[in-house]
Amino acid sequence: MRQEEKEECLYFSLVGTTPLAVANSLSWFLRMKPEFLIKEVFFICSEKDSAIGVEGTRKNIPKIKKILQENARKLGLVEFDRIEFNREPVLIPEADLPRAASIIAKAILSQLAYTTILDITAGRKLMSSASVIAGLYLDRFREREIYFYYYWLIPYTRDKIKKRAYELGLDDVGLILFKVRDILLNLNHLKGSPDVIDQ
């Protein structure tokens, strides 16, 4: 596929406690979704919050980048070299879902209106929930084109969770990329139960 045929996009990735999950997810996206050309990668990390026992995940970024470089080299992902990594991660509070969703939405809105991929693979539950809320809001009320992306292992086994992307085959991974607008359109046909008439 020629460069001019690809759709430029921004890629926002949740950073939980497992750097390998973040790196492998992005590596497989580059390998399996050639129709997209990632312009810039943004990491969404949790803030440190001792009150609820959250360490903060910003410290995982250097390890993620190192694994990404290794994966790209071994998989021959030539487009990896042209990707920019935003210098400052998007920091969200894990104990405040509305604020976390707002911060993610603002981070995306602060960029030019490129198609945006929200990789929810490696985030903890609140991080993923905040990303989904932000994605739904941006699509519905700000007319941004948002995709949710998720990567997983088939089957999920202890030996596979320690492997780099280049050590896994096509039969070892699953990927799903879906447009938020399609989800909303699919839900549009749902009908609620009729109101119960008071007797």
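Cut-offs used in this document
- Residues numbered from 1 in each chain as written.
- Predicted model: local features only at pLDDT ≥ 70, side-chain atom pairs only at ≥ 80, totals over all residues.
- Heavy atoms only, no water.
- Buried < 20%, exposed > 50% of the residue type's maximum accessible area, 1.4 Å probe, protein only.
- Helix = DSSP H or I, 4+ residues; strand = E, 2+ residues; numbered from the N terminus.
- Pairing = 2+ DSSP bridges.
- Right-handed = clockwise from strand over helix to strand, strands pointing away.
- Core = buried A, V, L, I, M, F, W, Y, C linked by side-chain atoms within 4.5 Å.
- Contact = heavy atoms within 4.5 Å.

**Student:** Is there a simple way to explain the pairing of strand β1 (residues 7–15) in this structure?
**Tutor:** The buried count for β1 comes to 7 of 9 residues, which makes it a mostly enclosed element. For β1 and strand β2 (residues 36–46), the ladder comprises 9 bridges, and the chain directions are parallel. Across the sheet, Y11 pairs through a bridge with V41, a residue of β2. The β-α-β motif built from β1, the intervening helix α1 (residues 19–32) and the parallel element β2 has right-handed crossover chirality. With 5 bridges connecting them, β1 and strand β5 (residues 115–119) associate as parallel partners. Of the residues in β5, the one forming a bridge with L10 is T116.

**Student:** What am I meant to see in the nonpolar core here?
**Tutor:** The tendency in soluble globular proteins is for nonpolar side chains to be buried as a group. Formed by 33 residues in total, the largest nonpolar core has its most connected members in Y11, F29, I38, F43, I117 and Y149. At the level of secondary structure, the elements contributing two or more residues to this core comprise β1, α1, β2, α2 (61–75), β6 (146–153) and β7 (173–179). A total of 7 residues in this core trace back to one element, the largest contributor, which is α1. Not counting residues within four places of it along the chain, the set of residues in contact with I117 comprises C9, L10, Y11, F12, F29, F36, Y147, Y149 and L177. Counting 22 residues, the second-largest nonpolar core is a separate cluster that includes F42, A100, A107 and A134.

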